[in-house]
Amino acid sequence: AEAARLDAQLKKLETRKPPTRAQRLRRGAQTAGAIAAGGVFGGPEGALGAGIGGVVGGPAGAAVGAALGAQVGQLRQALGATAEYAANLTKLQIALRGVTNGQEEYGEALSFIQDTTKDFAIPQSVITKQFTKLQASVSGAGGTLEDTKTAFNGIVAAVRATGGSLGDVDAALTATAQVFSKGKVSAEELRQQIGERLPGAFTLFAESMGLTPAELDKALEQGKVSLQDFQVFAKAIFDRYGETAQEIADSPDAADRLKVVLESLNENVGTLLKPIGAAFQVTFTNIIEFIDAATARLNLFLELGAQGTRNKVQRLSDDITRL
């Protein structure tokens, strides 16, 4: 109501006395400033909104338009990030299909990943990436999908149950993949890369083999600790920590549960947006190709660039020959 009253007064004043040239310049400068500010704080959408608003309502309209344009820009960025997440997850799943044997095993791996995401409150993107790496290493060592699941469950449960973060889980699984890639267990992975993320890993490994820590140390030096021993260790720590890890994941204080839910939302919404993103890519690719072709022809017409210069030299040579 106040805005309408002031607007009415402004119209009366403008009717009685037209604005001077200085007033018009000042108003134009204010509008230009609002448009510039809209571009700085709201990106291209903010600048566009400010420009439209400035034409309609001067500086005040530019400010309103900038605010609306900034909101549109934020929505575009959010939708773009969602579509990008879904596309990246699809790439990870394609990679997973490549390291599994057949559609049935691939489906089993996806089902395992989804269950692990719920059981341990770990985002699907993290699990898919690390499970794919581990499956590739286990398969290369002659193992099966069940071997991968055993090692994966044991390491994840133990690290989560002992207070490990997502970064700790990621690092421990990377070390596990290295173990299978080498074909044997070394003191480096067990003491450092896994041991730093899983307190007491060396002692637990020794217990699973029925050895003392000193005896395990000697066996490692002699290269007598096999992948099968690692699998026994993985089963032992899962039996010990599995329930605790699930309790932590189900507790109200589990900070990563929100990440899991948000990633699930991103996946579902992003799947809807991927066709739109694909259509945008095709459309803008065609536009850019058309502009590129037109630019190339313009360069030839103006005799610019390498080919244009060659054409110009040829034309001048032909002129000299005719003379």
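S.K.: So what about the overall build of the protein chain? Which residues, and what values?
M.R.: Per the secondary structure count, the protein chain includes twelve helices and zero strands. Reading the secondary structure of the protein chain in the N-to-C direction produces α-α-α-α-α-α-α-α-α-α-α-α. Scored against the burial criterion, the 323 residues of the protein chain give a buried share of 34%. Long-range contacts, defined as pairs at least 24 residues apart, comprise 63% of the intrachain contacts of the protein chain with a sequence gap of at least 6. In the form shown here, the protein chain has an accessible surface area of approximately 19100 Å², with 59% of it arising from carbon and sulfur atoms.

S.K.: Account for helix α10 (residues 227-250), with residues named and values stated.
M.R.: For an α-helix, 3.6 residues make a turn, and residues three or four places apart therefore share a direction. Over its 24 residues, α10 extends 32 Å from the first C-alpha to the last, a length consistent with the 34 Å expected when each residue adds 1.5 Å. At Y241, α10 is bent by approximately 50°, the largest bend along its length.

S.K.: Please provide a residue-by-residue account of the side chain of T176, values included.
M.R.: Following the sequence through the fold, T176 ends up in helix α6 (residues 166-182). In this structure T176 touches L134, A151, I155, I194 and F230, once residues within four positions along its chain are discounted.

S.K.: Describe the environment of F131, and please don't skip the residues or the numbers.
M.R.: Looking at where F131 falls in the secondary structure, it is placed in helix α4 (residues 124-140). On a C-alpha basis, the gap between F131 and A177 in space is 9.1 Å, while along the polypeptide they are 46 residues apart. Setting aside residues up to four positions removed in sequence, F131 forms contacts with L96, A109, F112, I113, L145, T148, K149 and F152.

S.K.: Tell me about the pattern of salt bridges, and please be specific about residues and values.
M.R.: Applying the stated criterion to the full structure yields seven salt bridges. Between E108 and K149 there is a salt bridge, and its shortest N-O distance comes to 3.0 Å. Here E108 is found in helix α3 (residues 102-120), whereas its partner K149 is found in helix α5 (residues 145-161), with 41 residues between them in sequence. Overall, E108 belongs to the partly exposed group, its relative accessible area being 32%. A salt bridge links E207 to R240; the shortest N-O distance between them is 3.9 Å.

What counts, and where the lines are drawn
Residues numbered from 1 in each chain as written. Predicted model: local features only at pLDDT ≥ 70, side-chain atom pairs only at ≥ 80, totals over all residues. Heavy atoms only, no water. Helix = DSSP H or I, 4+ residues; strand = E, 2+ residues; numbered from the N terminus. Buried < 20%, exposed > 50% of the residue type's maximum accessible area, 1.4 Å probe, protein only. Contact = heavy atoms within 4.5 Å. Areas by Shrake-Rupley, 256 points an atom, 1.4 Å probe, with all protein chains shown as cover. Expected span 1.5 Å × (residues − 1). Bend = angle between axes of the 7 residues up to and from the residue. Salt bridge = Lys/Arg side-chain N within 4 Å of Asp/Glu carboxyl O.

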